[in-house]
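Given next are the chains, with one letter for each unit.
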Number of protein chains: 2
Amino acid sequence: MTDGTAVQTDAPAAPRGRRGRRAVDVPTLVERAREGDARSVARLISLVEDASPALREVAAALAPHTGGAQVIGLTGAPGVGKSTSTTALVRALRQAGKRVGVLAVDPSSPFSGGALLGDRVRMQDHAGDSGVFIRSMASRGHLGGLSWATPQALRVLDAAGCDVVLIETVGVGQSELEIASLADTTLVLVAPGMGDGIQAAKAGILEVADVFVVNKADRDGADQTVRDLRYMQSLGGRHSEAGNWRPPICRTVASRDTDNGVDGVLEKIEEHRRWLESTGEGRRRRSERAAREIEAIALAALRERMGDVRGSAALETLAGQVVDGGTDPYRAADELLSRL
Amino acid sequence: MTDGTAVQTDAPAAPRGRRGRRAVDVPTLVERAREGDARSVARLISLVEDASPALREVAAALAPHTGGAQVIGLTGAPGVGKSTSTTALVRALRQAGKRVGVLAVDPSSPFSGGALLGDRVRMQDHAGDSGVFIRSMASRGHLGGLSWATPQALRVLDAAGCDVVLIETVGVGQSELEIASLADTTLVLVAPGMGDGIQAAKAGILEVADVFVVNKADRDGADQTVRDLRYMQSLGGRHSEAGNWRPPICRTVASRDTDNGVDGVLEKIEEHRRWLESTGEGRRRRSERAAREIEAIALAALRERMGDVRGSAALETLAGQVVDGGTDPYRAADELLSRL
């Protein structure tokens, strides 16, 4: 993070990734990324996002340098102020001397743009600050699920020396569960006057929240929102059983000009980090995350191998035997699998 | 098909299938089914539908006896008269001395009932006729896709000595493509005054139809519907390229009392059967169907093995290595696969 290159990694990344059929010098890219070169970070994320042929080489080269970053998930319904909160957190973390990565998952469109455009402009507060990497990721499908590339992009930022990586996503559909499975600490943002939203999301947010943040806490109804959350917690109690962490409720007023309460959120995040460490829960979560990822990759690889089988002579022969009654489809499938 | 047991196989089947954890004497069931015992046929279909542990044994026992049935698919938009047409076809086939199986795929509900209830009552015309097996199958999801068990149920009816198996499904979503992949001959039913439906379904029905049936041909607009179909065919021409079969257009008036035109449909089906045989296209279709089925079973088996891996010591070790940076998820996935 020593040079002065631009750090808004969105713009230069996309065209490079698409152009990039030429040979990639992965070791050099990783080395430069670790030195803080934003272009190399962007390039690496593009490589993993495009499922480039170099993907495996990139993953292998990153591995020894990962594990250092604290991963913070930020989720909440549209309108609660997620991006102003992200910006405020980034500002506070930078003031504390931390290197920060931001992955903003845009659920509105696979082609970026859309609802998050305004956010991105605001994010540019940090452009020019070489201690911040900001990257928008396309989401998977209309429910806003995280892209399969998100864990890989996270790993790039981790290896690049980020102390903290913030993953911001709209809390709709399955994305809030996915973010929780990626993050060490998940912040759930709510805002006063969105009581219906809380009710609707109830089950989901109670399960994923490590820290609740009532944003726009200067508005009418903030007290009621805090009471609602406390009441929901009293009904749930899942977290307390899981190991004595009761998600605290913070209040913030995050905007362009004021960051009231953001330091309190950082304190709770730090408290949670210490709790994760002392109880072993942090290690458990990361292992679980890695196991899921390995499984997903393995299943995708199997599916690919099945694709190779389609139209093969072996499958044709077996199909012919099934048609003739010489074997049944189950035995034929066993036979096929034994040849993979 | 010699005894006089009830042949409406829906009712007795379901409870038996659910009860049935007790050991199943598959060879005896298959033998009885081949003798025409409706209860045994029903039981076998329940076993494959419930993915019973005996599924593989059933499939293996059926294999030598399959391949004899001619499979006819019947599809069309709601309201074109699919079930009256099915009933009329069954009646005509019975008069010709054929043994007939019917698989009615109910897209409205996984618990049967719903929209097809009326149809099923009408089907009871044939209850008591030991040369007809009728079975409702649940569909997969709201798009009305065929249940994965449909090919297995088809195989049961085939092995039970049916000369013809009719598969009836509503032509919405993907079911019309799926029925075409199962059937030797696919009938697409349309009715006058449903021009919009034809337009909407255009691409789909042109591709799957081997025979078009304009039902309710006594209504205004029947001529226009035939012209519409001819025009669409003139635009498409896919079938003629594929091997000189131009889907004929029949007219019927199928109702409880009259079966006008149904014999004409049977003639066209027979013509198509001869064409399938003489060109080798029939064999090609069946092989393709078997290949798809083998693939699907193999993929499901792989997924199951992955499930066994979840929580296993091997996966946990690998996940720990990923967390520690000792390996990356891709290498770990390779390692995991090598152990399957």
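Since the model is a prediction, treat every value here as computed from it, not as a measurement.

Draft legend 1. Examining the relation of the copies chain B and chain A more closely. The transform that puts chain B on chain A rotates by 179° and translates by 0.0 Å along the axis, for an RMSD of 0.2 Å. On this basis, the relationship between the two copies can be described by a two-fold rotation axis. No C-alpha of chain B lies nearer the rotation axis than that of Leu302 of chain B, which sits 3.7 Å from it.

Draft legend 2. Geometry of the interface of chain B and chain A. Between chain B and chain A, the residue contacts involve 47 residues of the former and 47 residues of the latter. Taken together, the two surfaces of chain B and chain A that pack against each other cover about 4,200 Å², and 68% of this comes from carbon and sulfur. Area buried by chain B at its contact with chain A is led by Ile294, Glu295 and Tyr330 of chain B, which between them contribute 18% of it. The tally of links from chain B across to chain A stands at four salt bridges. In this structure, the salt-bridge partner of Arg283 of chain A is Asp324 of chain B, at a minimum N-O distance of 2.6 Å. Between the two partners, chain B and chain A, sit four residue pairs in polar contact (both at pLDDT 80 or more).

Draft legend 3. Focus on the side chain of Ser40 of chain B. All names here are of chain B. Assignment of secondary structure puts Ser40 in helix H3 (residues 38-49). Polar side-chain contacts of Ser40 include one of 2.5 Å to the side chain of Asp37. Once residues within four sequence positions are removed from consideration, Ser40 is found in contact with Leu29, Arg32 and Ala33.

Draft legend 4. Just the pattern of salt bridges, in detail. Residues and elements named next belong to chain A. Considering all chains together, one arrives at 32 salt bridges over all chains under this definition. Two residues, Arg286 and Asp184, come together in a salt bridge whose shortest N-O distance is 2.8 Å. Residue Arg286 is found in helix H13 (residues 281-309), and its partner Asp184 is found in the loop between helix H8 (175-182) and strand S6 (185-190); the two are separated by 102 residues along the sequence. Across the pair, exposure class does not vary: Arg286 and Asp184 are buried alike.

Draft legend 5. Focus on the packing of H13 of chain A against helix H14 (residues 313-323) of chain B. For the pair H13 of chain A and H14 of chain B, interaxial distance at closest approach is 8 Å and the crossing angle is 110°. With respect to H14 of chain B, the axis of H13 of chain A lies roughly perpendicular. Every residue of H14 of chain B that contacts H13 of chain A at Arg283, Arg286, Ser287, Ala290, Ala291, Ile294 and Glu295 of chain A is listed here: Leu315, Leu318, Ala319, Gly320, Val322 and Val323 of chain B. Taken together, the residues that form the contact of H13 of chain A with H14 of chain B break down as eight nonpolar, two polar and three charged.

Draft legend 6. Quick peek at the nonpolar core. Leu44, Ile167 and Ile294 of chain A together with Ile167 and Ile294 of chain B are the most contacted members of the largest nonpolar core, which totals 107 residues. Sorting elements by how many residues they give to this core places helix H13 (residues 281-309) of chain B first, with nine residues.

What counts, and at which threshold
- Residues take numbers from 1 onward in each chain, read along the sequence in its written order.
- Here chains are named by letter from A upward and ligands by number from 1 upward, in the order in which they appear as written.
- With the structure being a predicted model, the display of local features is reserved for residues of pLDDT at least 70 and the display and counting of side-chain atom pairs for 80 or more, all residues being used for whole-chain, interface and lining totals.
- To get the side-chain values, take all heavy atoms of the structure and skip hydrogens and water.
- A least-squares fit on C-alpha atoms brings the copies together, and the residues used are those whose pLDDT is at least 70 in both copies.
- Contacts are assigned to residue pairs that have any heavy atoms within 4.5 Å of one another.
- When two parts are put together, the accessible area they lose, computed with a 1.4 Å probe and summed over both, is reported as buried area.
- Note on definitions: salt bridges are taken to be side-chain nitrogens of Lys or Arg within 4 Å of carboxyl oxygens of Asp or Glu.
- Here a polar contact is taken to be a pair of N or O atoms separated by no more than 3.5 Å, where protein atoms must pair a possible hydrogen donor with a possible acceptor and residues adjacent in sequence count only if both atoms sit in side chains.
- Under the DSSP-based scheme used, a helix requires at least four consecutive residues in state H or I and a strand at least two consecutive residues in state E, with every element numbered from the N terminus.
- Burial classes follow relative accessibility: with a 1.4 Å probe on protein chains only, a residue under 20% of its type's maximum area counts as buried, one over 50% as exposed, and anything between as partly exposed.
- The axes used here are C-alpha line fits, helices contributing only the stretch in contact, and every angle between their N-to-C directions lies in the interval 0 to 180 degrees.
- Any angle that falls under 35 degrees is termed roughly parallel, while one over 145 is termed roughly antiparallel, one within 65 to 115 roughly perpendicular, and all others oblique.
- Ten residues, namely Ala, Val, Leu, Ile, Met, Phe, Trp, Tyr, Cys and Pro, are considered nonpolar, four, namely Asp, Glu, Lys and Arg, are considered charged, and the remaining ones, Gly among them, are considered polar.
- Definition used in this section: a nonpolar core is a set of buried Ala, Val, Leu, Ile, Met, Phe, Trp, Tyr and Cys residues joined via side-chain atoms within 4.5 Å.

Such coordinate-based values are descriptive only and should not be taken to indicate function.
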